[in-house]
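Structure assessment
The primary structure of each chain is shown beneath.
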Amino acid sequence: MVNKLAEVMKQVKYIQKTGHNTFNNYRYATEADVNEKVREVLADQNVIMLPNMKSHTVREHINRKGNTEYIVTAEVEFTFMDGETGESISITVFGEGQDAGDKATYKAITGAQKY
């Protein structure tokens, strides 16, 4: 299993930054771009990735415009399973998301998966 994940790391060296943040004027690799490339190479290795959100916290924050936003920190466990041997490896990562509406949790999960 470790050798298959190492092969994925060898093949996924750089992901093009196709996203653009107009508010802060910077480019970034979108979650969809990362997801597409990584899942494609994982599939070539017969490895699947299963996410599991283990916990999350929410806190209020006043942004620079004086509006209330919500910051969510999500603890997500990703399990990689080998389709040939059944062997698995799990890792836990954290992601954060900030939003004025109901999207902070989704942003936190996206961040955990992407980074």
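Higher on the page you've got the structure.
Every value quoted in this text rests on a predicted model; they were computed, and no experiment measured them.

**Some thoughts on the side chain of Lys-114**
- Residue placement: Lys-114 occurs in helix α3 (residues 104-114).
- Within the buried set, Lys-114 has no salt-bridge partner at all; the shortest N-O distance to an opposite charge, 8.1 Å, is to Asp-33.
- Polar contacts involving the side chain of Lys-114 include one to the side chain of Tyr-115, which spans 3.3 Å.
- Residues contacting Lys-114, with those up to four places away along its chain left out, are Tyr-28, Ala-29, Thr-30, Glu-31 and Val-34.

**Re α3**
- Within the span of α3, buried status applies to Ala-104, Ala-108, Gly-111, Ala-112 and Lys-114.
- Buried residues belonging to α3 abut β2 (26-28), α2 (31-44), β4 (68-82) and β5 (88-99).

**Considering the pattern of salt bridges**
- What the rule picks out here adds up to six salt bridges.
- Asp-82 is paired through a salt bridge with Lys-4; the nearest N and O atoms lie 3.0 Å apart. Of this pair, Asp-82 sits in strand β4 while Lys-4 is found in helix α1 (residues 2-11), placing the two residues 78 residues apart along the sequence.
- Accessibility expressed as a relative area gives 5% for Asp-82, which makes it buried.
- The partner of Glu-84 in a salt bridge is Lys-4, and the shortest N-O contact between them spans 2.8 Å. Of this pair, Glu-84 sits in the loop between β4 and β5 while Lys-4 sits in helix α1, and the two are 80 residues apart along the sequence.
- The class of Glu-84 is exposed, set by a relative accessible area of 55%.
- One network of salt bridges, in which partners are shared, links Lys-4, Asp-82 and Glu-84.

**Describing a nonpolar patch on the surface**
- Side chains of Ile-48, Leu-50 and Met-81 sit close together on the surface and give an oily, nonpolar patch of about 240 Å² of accessible area.
- Examined against the element boundaries, Ile-48 turns out to sit in strand β3 (residues 47-62).

**As for the nonpolar core**
- Leu-5, Leu-42, Val-47, Phe-78 and Phe-80 are the most contacted members of the largest nonpolar core, which has 19 residues in total.
- Within the residue set of this core, elements represented by two or more residues are α1, α2, β3, β4 and α3.
- Those residues in contact with Phe-80 that sit more than four places away from it in its chain are Met-1, Leu-5, Leu-42, Val-47, Ile-48, Met-49, Glu-87, Ser-88, Ile-89 and Ile-91.

**Quick notes on the pairing of β4**
- Sheet topology note: the β3/β4 ladder contains 15 bridges and is antiparallel. Considered in β4, the bridge of Glu-60 is made with Tyr-70.
- Linking two consecutive strands that pair antiparallel, namely β3 and β4, is a turn of five residues; a positive phi of about 85 degrees is found at Gly-66 within it.
- As judged from the 12 bridges shared by β4 and β5, these two strands associate in the antiparallel manner. Each residue of the ladder has a partner; that of Ile-71, found in β5, is Gln-98.

What counts and what doesn't
- Residues numbered from 1 in each chain as written.
- Predicted model: local features only at pLDDT ≥ 70, side-chain atom pairs only at ≥ 80, totals over all residues.
- Heavy atoms only, no water.
- Helix = DSSP H or I, 4+ residues; strand = E, 2+ residues; numbered from the N terminus.
- Buried < 20%, exposed > 50% of the residue type's maximum accessible area, 1.4 Å probe, protein only.
- Lys, Arg positive; Asp, Glu negative; His and termini not counted.
- Salt bridge = Lys/Arg side-chain N within 4 Å of Asp/Glu carboxyl O.
- Polar contact = N/O pair within 3.5 Å; in protein donor to acceptor, adjacent residues only side chain to side chain.
- Contact = heavy atoms within 4.5 Å.
- Patch = residues over 30% accessible without salt bridge, like charges linked within 9 Å, V, L, I, M, F, W, Y side chains within 5 Å.
- Areas by Shrake-Rupley, 256 points an atom, 1.4 Å probe, with all protein chains shown as cover.
- Core = buried A, V, L, I, M, F, W, Y, C linked by side-chain atoms within 4.5 Å.
- Pairing = 2+ DSSP bridges.

Taken by themselves, the reported measurements are silent on function.
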